Every structure is written in structure tokens, then in C-alpha cells.
Amino acid sequence: MTSTLAAGGYAATTAADGGVLSYAWLMIALPLLGAAVLLLGGKRTNAWGHWLAIAAALSSFVWAVLSLGQLLGRAPEERSVTVHVYQWIKVGTFDIDLSLLIDPLSMTFALLITGVGSLIHIYSVGYMAHDENRRRFFAYLNLFVAAMLVLVLADNYAVLFLGWEGVGLASYLLIGFWQHKPAAAVAAKKAFLINRVGDIGLLVSIMLLFTTFGTVTFHPVFESVDGAGRGLMTAVGLLLLLGACGKSAQLPLQAWLLDAMEGPTPVSALIHAATMVTAGVYLIVRSGPIFEAAPTAQLVVTIVGAATLLAGAIIGCAKDDIKKALAGSTMSQIGYMTLAAGLGPIGYAAAIAHLVTHGFFKAGLFLGAGSVMHAMNDEVDMRRYGGLRTVMPVTFATFGVGYLAIIGVPFLSGWWTKEGIIQAAFDSGGLTGQILGWVTVLGAGLTAFYMSRIMFLTFFGTKRWAKDANPHESPAVMTVPMIILAIGSAALGAVLVVNYTLANFLAPVVGAPAHEFDLVHMLTSPYSLAALVLMIVGVAYAWVRYANDKVPVTAPKGNFITVAAREELYGNAINEGLFMRPGQQLTRATVAFDDHGVDGVVTGIARSVRAASENLRLTQTGFARSYALTMLFGAAVVVVTTLGVNLA
Amino acid sequence: MDPMNYIVLAAIVFTIGAVGVLVRRNAIIVFMCVELMLNACNLAFVAFARMHGGIEGQVIAFFVMVVAAAEVVVGLAIIMQIFRTRRSASIDDANLLKN
Amino acid sequence: MNIVPLQTTAAAIGGGETATFYILGSIVVLAALGVVFSRRAVYSALMMAVVMIGLAVFYGINEAPFLMVVQIVVYTGAVLMLFLFVLMLVGVSSSDSLVETIRGHRLLTAVIALCFLVPLVSGLSSIVAGEPVGLSAGVAAAGGSIPWLASEIIYRYVIAFEATGALLITAVLGALVLAHAVRTKKKRTQKQMSMDRIRSGHPTPLPGPGTYARHNAIDMPALLPDGSVSELSINPVLAARNPEDQHGVPEDMRYSIGAIPESGGRPDAQASNGDEQREDESSWTR
């Protein structure tokens, strides 16, 4: 197994030598401090708490930018810097340092998280203005940013797992932020439980890595991957994939993401679109050498990605809830990334590029959706929207840019990065490559359809508003972040992809791009043209169906595919039938065993002791004279014994 | 006559006192029976002192008397207190610790 | 049996002492039985005095003159008087019911007591101590029985002696604390008492006891003009004490207000009839 990576940056990590990078932990510490102040400060911080949170997120972003600057000042092969914070666990040979790994990959993520995160913090000031628990919300957001940074900046799997669980916790807290709504509470629980399944996979894989290599730090593990057996690496890879599936809502652990939309919309934008759900992709890219040592696992990764890509798109086509439709889209887009990540070095850069641009345009779309909901009294049913483009011009414009970006209109962000994935899929060669490639092309068409459906139902057609709806444009504190994200959605792709800027930047970690950047090839390749055609077909079909006056306010029954898609392809039913019901049966049986078996023994013992005590109690009559009688009896025994001994 | 007869007498009186403690319910009489037992012991001590030609028996008897006096003072005060609160001097009634 | 041969240098026990032992011993044993088995606590106390005096005599015979005096003065004089005093406080009127309330207790007591006594006595009487050594030599050396005892107590057993002193002081304090009753209600003034009396429905003094040709005591009820017994004429405590005491009273004049209360009895046995008496006693004790 040849590893382009081991020869690249991984072998050459250098310790931070002062300057901004040495204090990279500040990126994590600042939002963590913000969360601590807000959570511990109580009501006192109500008035200014959200500004503190924004300051924490922004300063973290600034620090990330400064770190990037210093990183760029180094030679490409020296851009992998370890920052030792402190020794975390040391038990015998088990020695884990809380160290941060600053390299192009982690910095890309850190910038995305802090950048988009800061924008969403600002947006939330407006969105959550009327929520009495706004301070708590911001505290959780800061906590999330800190945990997510721990995840991506970790220099070993144990610290990564720390962040992994941290974002899981933040996600749980934020999905269930409106705990008073049973749906939100249940959704939070569901997300937490399904994530647990994935976490077990990650945990077991970490344990396997430790028992095999005696360390869980990235570089030593990756360097010694070649020495380990292929079967073991396949197992580790599949378990890592399980973890990634849980966190990134990939099949078969996808069920929680749509329900997670019960959380406030900024949460959906930040956690369930831009950052946290992409952690799975990060994990796969980061663990690249392991997957390269296990082609089977890689194949499974691409299959999972392709399946989720289509499943998410189909679900997105049928959902009337704007956020759930967008969530289906998120699943689908992450499917793209997972697929690309499964392709190996040729796909890593494409996956990361798409991840970054997706972070921008999907966050923008969600913020736009939030803006619409904000205007429509928290109505989420798109069939109740319509004709909003005149009422909410800024939202329409920013949402529109995001929309154009995601469906892959040429020269907008989404097109650059999606083309990269499509190209990578076909480049991977063989029948697999062809199948995967056509899946991605088909996905592009589906994306165009469902996104156009959202767009047309919301902003075009007739007004199908509820009677008391009084839509209005959102305040500047909300629109400005949307505008910035829209600019990113439009331009970022070009910045990242032209001349493979990002790919070259990431090269020390994920390997150099396979070939030179060729814009003409991108535009004229048959696959790209096919994707373009399918995209136009999708938009046109959506236009015919949804951009008119005939959209019913209540959803029509639809054919069986629509029904299946509305039911999220029966993912919940499968979970219920396969796990929940047997689980309940098992629980009941266990309870019965506990009640009758275990408790029977315990209470039986207790009962017999009690019965014995009851009988013994009778000797305690409460009459001092009875007790005195026993004393005399004792004295008599002593006398008789003495006499007997002396006689003997 | 053998001086052991005193000891036998002491044993008999002691036993009578013990029986009194066991059969009587009036706390004061029970107390008197305890005194009876103590006195029986004193007799034995005095007799032993004479038999062995030492004064220690008498010393112990003396101490027994003093301690018995102290005991009577406190014991009777307790009986008074119980009688005040429970309106009864029966030791069978003082069964708060039962159950 | 381990028989310790004792020195036989001292004076042998003479016939006079033997006779005294058997006579006085019988009296002591009988009196001790009386302590245990008399129904009334006062009789028990008196029997106790007999036992103690008898024992004092034995102490004297056994060359313990100091203890003899202490026995009479402290025990019989002080401790037993204390007993009698408390007896008066808690109700001298009451005589104990000798009915056993714990099932099988008496039988068990008898059996165990015999099991205790018979082996003890048989064992003791099989010992032959011989002539006692006697204290005369030591007494002569110390210059008297009491100086000897005193020197033993003061020099050899001084720590025990001091501890006993501490014990006595503690006992005095304890008795003070226990006997001290905090007044929970305000003391009734004379005015209040007179008001209560007027309101009680019987403002005049209660009628005195009856005076008859053969009986002139406070436990004899007076007769009302119609020949019936005046219940108010006699202290209920006196009446309740023992109806048998009224054996001299003509049958129709006998006074009774219910069954005899048993201060030593079970509470459920006397709940119905003891209340009146108790109120009276409380007025004595407080």
C-alpha cells in the first residue's frame, strides 16, 4: 500500500516555536470561557451575554486567521505544527497529551467553524431576540464552537473523541433548546441516542488502534499503518465509518437529522448544516491513511456516501417543512463529501472544498429559511409560503444566491466543488468509478429539483399565507450575516478551486492534486455537461410544478415514492421495527426478570430475615424483670458450671 | 459452727433478693431487693475478712455501702421522675424501649 | 472440692455465737422473705429494716464494729428512710397486686432461683473453713479496728476512696437534676384559689369524717341526715387504700369508691379507677 501521505507532511510535525501558533489553544479557550461565563453568570449576564458570546467567537476567528497567516508563512512541508497544551492522561504506557495539531486541514476547519460560527452568532442576536433564554442559547453556541474546535484541532483520537462528544452534547442541548416542546425534547434524545451508536464505533476503533499501535496520536498511527494487517485496518475503517455515519447523518444512522430541525434555525445552520455534521467527513479525511490501507472500508464509505446522497435528495424532494427539506439536502450534500472522501487521495481535496462551500451556502440557506420563518410567525410549511420575493428582497436575494450555488450554476461556489467531486468520482476509474460518477450526476439533477421546489414554493407563485401572517424583512443584524454568507456562496468556490488553491494548501496532509487545474476540461467534459443538463431539467420541472398558482395548501396524497420520501424512506419505521420494538421487548423481559428473579431472591432473603427477626423480637418483651431473669439464669449457669468443674 | 455458715446465709439472702427483683413490680420494692442482695454480699465480705484475718473484706464492704448509697440516691430520683411523668411506679410500665 | 485449710490459731466460734447465728439467721431470712412477699411497700421497708439490723449484729459478731455502726446509722437510718420517704411520695396508699402478669414468669423464676441456690448452698456447705483467723492480731497491731480500717482506706485504697467521693457528689448532683421539677404553670394565688373554690360548686369546707361510738378515724365516712354515706366526708385516697381496713364499719356504712387502685399494677387494669386518686396525689407531690 503506497501512502502518498506518509511521505508528505505527516512525518514532519514540528513543535510550535512561539508566536500565534503556540497559543492556538486560545481559539478553544475563548469560546469555552464565554460559555462558562454565560452559564455560571446567570441572569446577571442577560443584558450583555450575547455580545460576549459574539466577541468570544469573533476573537477565536481572528486568532484562527492569525494562525493561518503564520502557517502560510512557513514552508509547505513545515505546516504541521503540534501545540502541546498539557499532559492529559498517563497510566503506564497509556500516555495521552492534550495536544493540538495545527495543519492545513485543521486550520481549514477552524476557519470555517469560527467564521461561519461568528456570523451565525451575530444572526442569532436578531433571531433569538424575543427568547427569554437567549443567554443560555449563546452559551451553548459558544460551547459548541469550543467543542468543535477541540474536535478538529485534536492531535490524537482521544482528544478528537473529547471534542466529538462535546459537539454531541452541544447538539443535544441545542436541538432540545425549546425543551417545553415535546417534539424538541424527543428529537434531542433521538439525536443523542443515534449518535451514541456511532460513538461506540469510534470508541472501539480508537481502542483497536491503541491495542495495535500503543498510541492514538495521529502521526505515529498513520506512520505504522502499513505494518498492521489489512483485516484489522478494515475493521478500524468500518468502525470509524460507523462513527462518521452517526455524526454526519449518513445511512444507516441518518434518522436523527431531520428531527433535529426542531432546534432553533441558527442551530440547524451552524451545527446541522455547516459544521458538526461534516465532522464525519473530517474524520474520514483525517484518517485517510487507515482507509487507504483498507480498500474494502473505502468502498463501503463510497457506497454509504452514494446511498445517502440519493436518499437525502429523495427525502428533500418530498418534504413540505422547509427546514426538513433543507436537512434532506444536507444529508445529500454530505453524501457527496463522504463519497469523495471514500475515493482516497484524489477525492479528499474535493470533499473538503465542497465541505467548505457547502458550509457557506447551506448556512446561508438555513439562515434564509430562518428569516422566512421569523417573518411568517415560525410557520415551516412551504405550502403556506409563496410570493415572498417582493416582501423580503434581501432574504430572497441571499437565499437565491445560495440556491444557485447549491444546484451548481456554473462559476458559483457549488458548481466548482461539485464538479470536483464528480470529476474525482469518474477519475477513480473502473466500473465503480462510473457508477459513483453517474450517481453524483444524478444527484446534481435531484438537487436542482428539490432546491428549486423550495425556492419556488417559498418565493414565487401565489401567496398562500396563513390569515395572521404579516411577513416583513428581517433586521440588519440578521441580513448582514446572510449577505456575507451569500457572497461566500457566490465567490468562495472560485477562490478555493481555481488553480487548486485549497488542494495545494491541503497537499501536505491529503496529498497533491492528481493533475493540473484545467477549466476548459471542467466545462467541456461530458459528465459536467450531463450534470448541467440534468440540473436544467430539474429546475424546469420544478418550475412547471411549483412556480404557479395551482400549488395546493395541503399536500396531495402523491404516489408511493412521494409517500416513502415523506416518511423519510421509512428510516424511522425500520429503526422502530428492527431496534426499538425488540429493545422494548428485551427491556420488558429484563424488568420482569429483575422484578421476579433478582428481586425475588433479594426480597425473599429480606422476608426470611424479617420473619426471623419478628420471632426474635418476641424475646424482647419490654419487661425489665424478664431480662433480669435471664441474668439470674446466667448466674445459675455459672454456679452450676463452677460446681461441676470443681467436682470433676 | 463453721464460719462458712455465714456465707451460706449470705447466699440465701442474696437469692431471696434476686427473687424479689424478679417477682415484684413496684420499683421501690425492687430497689429494696437490690439492696438486700448488696447487703448479702456485704455479709459475705465481712465474714471472709474474719476468716482470713484481713481487713480488706471490710474495706470492700464499706465501699459497697457508699456506692449503694449513691445508687439509691440516683435510683430513687429516677423512680420519682418516672412516677411524675407516667403516674406509675411499676417497672413493667417503663417499656418505652420496646418495639 | 477445693477445701482451703485455714489457720486455727484464733479463737474458735463458741456456742453463744452459734446460737445467735441460728436465731438471728432465721429472723433475717424470714424478714428477707417478708421484704419480697409483703403486699404493701411500707411493710417491705420495715422488713428491710429488720434484715439490716440483723445484718448489723452479724457484722458486730464478725469483728466489724465500724460497719455495724455504719449499717445501722447510714443504711437503716438514712437510706431506708429515704426509701420510706419516696414511698410516701409515690403513694403509700397503694398496695401491690401480687398477681403475675408475665406468663410463666413466676415458675421460671422459682426454677432458676432454685437452680441457683441449691448448687450454691450445697457447694458452700461442703466447704469446711475451720476456725476463722480472726482480726485480733491485726487490730492489736493497728491500735484498734477502726484505725486499721481507716488506714487501709486512706492509704492503700485512697484512689478508690476519692473516686467514691466523686461518685457521691455526682450522684447528689444527678439526684438534684432529676428531682427538680420545672414549674410549668404559674403558681396559683390565694385569690385565684378562692375564686376557683366558689366556682367549684362547693364553697364551704368538705364535711369531716364520721364519729361513731367505736370508730373515730378519718377513714370513717360521715352520715348524711337521711342516713346515707357522704362521699365527700372522706379523702378518696384513704378510702381507696384498703376496704378491708373498714372491717369494723357496719356493712351499710362501708365506704367505697370503686376498686382498689394498684399503683404497681398494669395501666390498663387501673385506668378506670385511678384517676381521682392520682389527682389527689399530684396535689401532694407538687
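Here the residue index of a chain counts from 1 through its sequence in written order. Lettering for chains starts from A, numbering for ligands starts from 1, and both go in the order in which the items are written. Residue-level local features of this predicted model are given only where pLDDT is at least 70; pairs of side-chain atoms are given and counted only at 80 or more, and the full residue set underlies all totals for whole chains, interfaces and linings. Only hydrogens and water are set aside when side-chain values are computed; all heavy atoms of the structure are taken into account.

On to the packing of aromatic side chains. Ring pairs are drawn from Phe, Tyr and Trp, using the six-membered ring of Trp, whenever the two centres fall within 6.5 Å, and their geometry is named by plane angle: stacked under 30 degrees, edge-to-face over 60, tilted for the rest. Applying the stated criterion across every chain, the model contains 35 aromatic pairs over all chains. Taking 5.9 Å as the distance between ring centres and 85° as the angle between the ring planes, the aromatic pair formed by A:Phe137 and A:Phe138 counts as edge-to-face. Centroid distance A:Phe399 to A:Phe459: 5.3 Å. Interplanar angle 50°. Geometry classified as tilted. With a gap of 60 residues between them, A:Phe399 in helix 17 (residues 393–407) and A:Phe459 in helix 19 (residues 430–459) connect regions that are remote in the sequence. No difference in accessibility class separates A:Phe399 from A:Phe459, as the two residues are buried. Linked through ring pairs, A:Phe396, A:Phe399, A:Tyr403, A:Phe456, A:Phe459, A:Phe460 and A:Trp543 together constitute an aromatic cluster. Of note, A:Arg453 hangs over the ring of A:Tyr546, and the distance from its end group to the ring centre comes to 5.3 Å. Ring-over charges, as used throughout, are those where CZ of Arg or NZ of Lys falls within 6 Å of the ring centre and within 35 degrees of the ring normal. Between the NZ or CZ atom of C:Arg40 and the centre of the ring of C:Tyr43, over which it lies, the distance is 5.7 Å. Strands here mean DSSP runs of E at least two residues long; helices mean DSSP runs of H or I at least four residues long; both are numbered from the N terminus. Categorising residues by exposure relies on relative accessible area from a 1.4 Å probe, with only protein chains included: less than 20% of the type maximum marks a residue as buried, more than 50% marks it as exposed, and the intermediate range marks it as partly exposed.

Quick look at the pattern of salt bridges now. All names here are of chain A. The salt bridge criterion pairs a side-chain nitrogen of Lys or Arg with a carboxyl oxygen of Asp or Glu, the two atoms within 4 Å. Evaluation of the coordinates by the stated rule reveals 12 salt bridges over all chains. The partner of Lys181 in a salt bridge is Glu262, with the nearest N and O atoms 3.6 Å apart. One end of the pair, Lys181, is in the loop between helix 6 (157–175) and helix 7 (182–213); the other, Glu262, is in the loop between helix 10 (255–259) and helix 11 (265–274), and 81 residues separate them in sequence. Assessed through its relative accessible area of 23%, Glu262 is described here as partly exposed. Between Lys190 and Asp259 there is a salt bridge; the shortest N-O distance is 2.9 Å. Of the two residues, Lys190 is situated in helix 7 and Asp259 in helix 10; the sequence distance between them amounts to 69 residues. Considered together, Lys190 and Asp259 belong to a single accessibility category, that of buried residues. Taken together, the shared-partner salt bridges in this structure form one network comprising Glu165, Arg196 and Asp199.

Residue and element names in this part refer to chain A. Reported here for the largest pocket is a volume of approximately 770 Å³. When residues of the lining of the largest pocket are assigned to their parent elements, the largest contribution, 7 residues, is made by helix 26 (residues 624–647). Under the grouping applied here, Gly and all other residues not named as nonpolar or charged are polar, the nonpolar ones being Ala, Val, Leu, Ile, Met, Phe, Trp, Tyr, Cys and Pro and the charged ones Asp, Glu, Lys and Arg. Each residue belonging to the lining of the largest pocket can be placed in one class, and the counts come to 23 nonpolar, 6 polar and 3 charged. In this analysis a 1.4 Å probe is tested at points of a 1 Å grid over the protein atoms alone, and where it fits but cannot get out there is a cavity; an open set with protein on both sides within 12 Å along at least five of seven lines is a pocket; lining residues have an atom within 4 Å of a point. Grid points are joined across faces, edges and corners, and a volume is the space filled by probe spheres set on the points.

As a further point, take the interface of chain B and chain A. Taken together, the contact pairs 13 residues of chain B with 9 residues of chain A. Summed over both partners, buried area is the accessible surface (1.4 Å probe) that two parts give up on being assembled. Roughly 920 Å² of surface becomes buried between chain B and chain A when both sides are summed, with 56% attributable to carbon and sulfur atoms. Of the residues that constitute the side of chain B that touches chain A, the class distribution is 7 nonpolar, 2 polar and 4 charged. Throughout, a contact is declared for two residues whenever any of their heavy atoms are within 4.5 Å.

Within this scheme, the nonpolar core is defined by two criteria: the residues are buried Ala, Val, Leu, Ile, Met, Phe, Trp, Tyr or Cys, and they are joined through side-chain atoms within 4.5 Å. Judged by nonpolar contacts, the single largest core of 198 residues is most densely connected at A:Ile102, A:Tyr157 and A:Ile290. Take this core: its biggest share by element is 18 residues, from helix 16 (residues 345–375) of chain A. The residues contacting A:Ile102, other than those within four sequence positions of it, are A:Leu21, A:Ala24, A:Met27, A:Leu71, A:Arg79, A:Ser80, A:Val81, A:Val83, A:Met107 and A:Leu153. The next biggest cluster of nonpolar side chains, apart from the first, holds 89 residues, and it includes B:Met32, B:Leu43, C:Ala41 and C:Leu117.

All we've got here are geometric facts, nothing functional implied.
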